[in-house]
Amino acid sequence: MRIENSFIPVHGVGETTERRLWQQGITHWDEFDGSVVGDTIADRIETFIEDGWTHLERGDVAPFTEALPAASRWRCYENVSEQTCFLDIETTGLDAASNDVTTVSVHRGGETKTFVNGRDLTARRLEAELEASSLLVTFNGQRFDVPFLETCYDLDVQTPHVDLMYPCKKIGLDGGLKAIERDLGIDRDLPDLSGRDAVRLWHEYERGDDGALETLIRYNRADTQNMEPLMEIVTDRLHETVFEAACAEE
């Protein structure tokens, strides 16, 4: 499913109206027929489509993620999948005011980079990665990763953001990232390590154990790399349950 199949970013168009449009065979912006809705909504949709094409030509999905509910922002992924940045951080604790970010991994276009505190983890590096991305994908990053980075590195993250936790919940996938991976059969590097182990590994590295840092980096990178197949599975399932199921209704 692509954003061109969507009408709910339009003010006044909810899921019921969108589903009615789909059921009438209007499943793409190019197929829009204003006679199916009232004049006011038709005008809004036509303006939205006109502006929408301009945004997509620029690779800018921000206007859509801002207008979509958190659980529906997955609809933008297919449009910018190659420019999507999967991000995960490791920290020394849960409070950004009193704890530090230890490593940050980003995965985009088949390449994974990891930045390490005290080496190359800087605000400038993070800003460059985010600015090069059309979409940011995290798991629970809306409440944790992004605010943590903003606090510790004085960032203002403006990259359009999909927090995978919300679309996962929409299809009944609850729990943490690792539990969901197990449910879906997604293999993980270092499956027995936890967030608590990540803190321990960092402190061991601070005491001079470079091998502990290597293990921590592998652990952090697995989170970002595994989010990509999870995103693919989730978007496929939501396409079936939201779009295909609605189009099949009489």
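Residues numbered from 1 in each chain as written. Predicted model: local features only at pLDDT ≥ 70, side-chain atom pairs only at ≥ 80, totals over all residues. Heavy atoms only, no water.

K.L.:
Looking at this structure, I do not really get the overall build of the protein chain. What am I missing?
P.N.:
When helices and strands are counted, the protein chain shows nine helices and five strands. Taken from N to C terminus, the helices and strands of the protein chain fall in the order α-α-α-β-β-β-α-β-α-β-α-α-α-α. By principal-axis analysis of the C-alpha atoms, the protein chain measures approximately 70 × 35 × 30 Å. By residue count, 51% of the 250 residues in the protein chain fall in the buried class. Restricting to contacts in the protein chain with at least 6 residues of sequence separation, those with at least 24 account for 64%. Of the roughly 12000 Å² that the protein chain leaves accessible, carbon and sulfur atoms contribute 41%. Charge centroids of the protein chain, computed over 24 positive and 50 negative side chains, lie 5 Å from each other. (Helix = DSSP H or I, 4+ residues; strand = E, 2+ residues; numbered from the N terminus. Buried < 20%, exposed > 50% of the residue type's maximum accessible area, 1.4 Å probe, protein only. Contact = heavy atoms within 4.5 Å. Areas by Shrake-Rupley, 256 points an atom, 1.4 Å probe, with all protein chains shown as cover. Lys, Arg positive; Asp, Glu negative; His and termini not counted. Charge placed at Lys NZ, Arg CZ, Asp CG, Glu CD.)

K.L.:
I keep staring at the UniProt feature "domain: YprB ribonuclease H-like" (unreviewed entry) in the protein chain and nothing clicks. Help me out?
P.N.:
In the UniProt entry, the feature "domain: YprB ribonuclease H-like" (unreviewed entry) is given for residues 85-234. Taken as a whole, residues 85-234 contains 46% helix and 19% strand, while its terminal C-alpha atoms sit 17 Å from one another. (UniProt positions renumbered as here; feature names shortened; annotations may be inferred.)

K.L.:
Whenever I open this one, the domain arrangement of the protein chain confuses me. Can you help?
P.N.:
By a frequent convention, interface size equals the accessible area lost on bringing the separate parts together. Its domain assignment divides the protein chain into domain 1 (3-79 + 237-248) and domain 2 (84-235). On a C-alpha basis, the centroid separation for the pair domain 1 and domain 2 is 30 Å. Contact with domain 1, which involves 15 residues of that partner, is made by 20 residues of domain 2. On the domain 1 side of the interface with domain 2, the three residues burying the most area are Y77, R237 and L238, jointly 46% of the side's total. Along the contact surface separating domain 1 from domain 2 lie zero salt bridges. Remark: the boundary between domain 1 and domain 2 carries eight residue pairs in polar contact (both at pLDDT 80 or more). (Domains from an automatic or database assignment. Buried area = accessible area lost by both parts, 1.4 Å probe. Salt bridge = Lys/Arg side-chain N within 4 Å of Asp/Glu carboxyl O. Polar contact = N/O pair within 3.5 Å; in protein donor to acceptor, adjacent residues only side chain to side chain.)

K.L.:
Help me understand the packing of helix α8 (residues 195-206) against helix α9 (residues 210-248), please; the structure alone is not making it clear to me.
P.N.:
The description of two helices packed together rests on the angle between their axes and the distance between the axes. Packing of α8 against α9 brings their axes to within 7 Å, and their N-to-C directions diverge by 150 degrees. Classified by the interaxial angle, the pair formed by α8 and α9 is roughly antiparallel. The two elements α8 and α9 cross, and the hand of that crossing is left-handed. Between α8 and α9, the residues in contact are G195, A198, L201, W202, E204 and Y205 and D210, A212, L213, T215, L216 and Y219, respectively. Class assignment of the residues belonging to the contact of α8 with α9 gives a composition of eight nonpolar, two polar and two charged. (Axes fitted to C-alpha atoms, helices over the stretch in contact; angles between N-to-C directions. Parallel < 35°, antiparallel > 145°, perpendicular 65-115°, else oblique. Left-handed = near helix turned anticlockwise from the far one by under 90°. Nonpolar A, V, L, I, M, F, W, Y, C, P; charged D, E, K, R; others polar.)

K.L.:
Honestly, the pattern of salt bridges in this entry has me stumped. Any pointers?
P.N.:
Pairing of side chains with opposite charge becomes possible as their charged atoms draw close. A complete count under the given rule lists ten salt bridges for this structure. Among the salt bridges present, the one from R75 reaches E18, with a minimum N-O distance of 2.7 Å. Residue R75 is located in the loop between α3 (62-67) and β1 (84-91), and its partner E18 is located in helix α1 (residues 15-23); the two are separated by 57 residues in the primary sequence. Accessibility classification places R75 together with E18 in one group, the buried group. Close ionic contact of E181 with R188 constitutes a salt bridge, the shortest N to O distance being 2.7 Å.

K.L.:
What's the story with unusual backbone geometry in this structure? I'm lost.
P.N.:
The phi angle of most residues is negative, glycine excepted, and most peptide bonds adopt the trans form. A positive phi angle, close to 65 degrees, is found at N140, a residue other than glycine. Mapped onto the elements, N140 comes out in the loop between β4 (135-138) and α5 (145-153). Judged by relative accessible area, which is 22%, N140 ranks as partly exposed. Even without glycine at this site, L190 takes up a positive phi of about 55 degrees. Residue position: L190 is located in the loop between α7 (177-184) and α8.

K.L.:
Even after reading the chapter, I still don't get the nonpolar core, so can you show me in this structure?
P.N.:
One broad rule of soluble globular proteins: the nonpolar side chains tend to lie buried together. Within the largest apolar cluster, 47 residues are counted, with the highest numbers of intra-cluster contacts made by F7, F32, I45, F64, F139 and L230. Secondary structure elements with two or more residues in this core: α1, α2 (39-57), β4, α6 (165-170), α7 and α9. The dominant element in this core, judged by the number of residues it contributes, is α9, at eight residues. Within the second largest apolar cluster, 18 residues are counted, among which are I89, F148, L149 and Y153. (Core = buried A, V, L, I, M, F, W, Y, C linked by side-chain atoms within 4.5 Å.)

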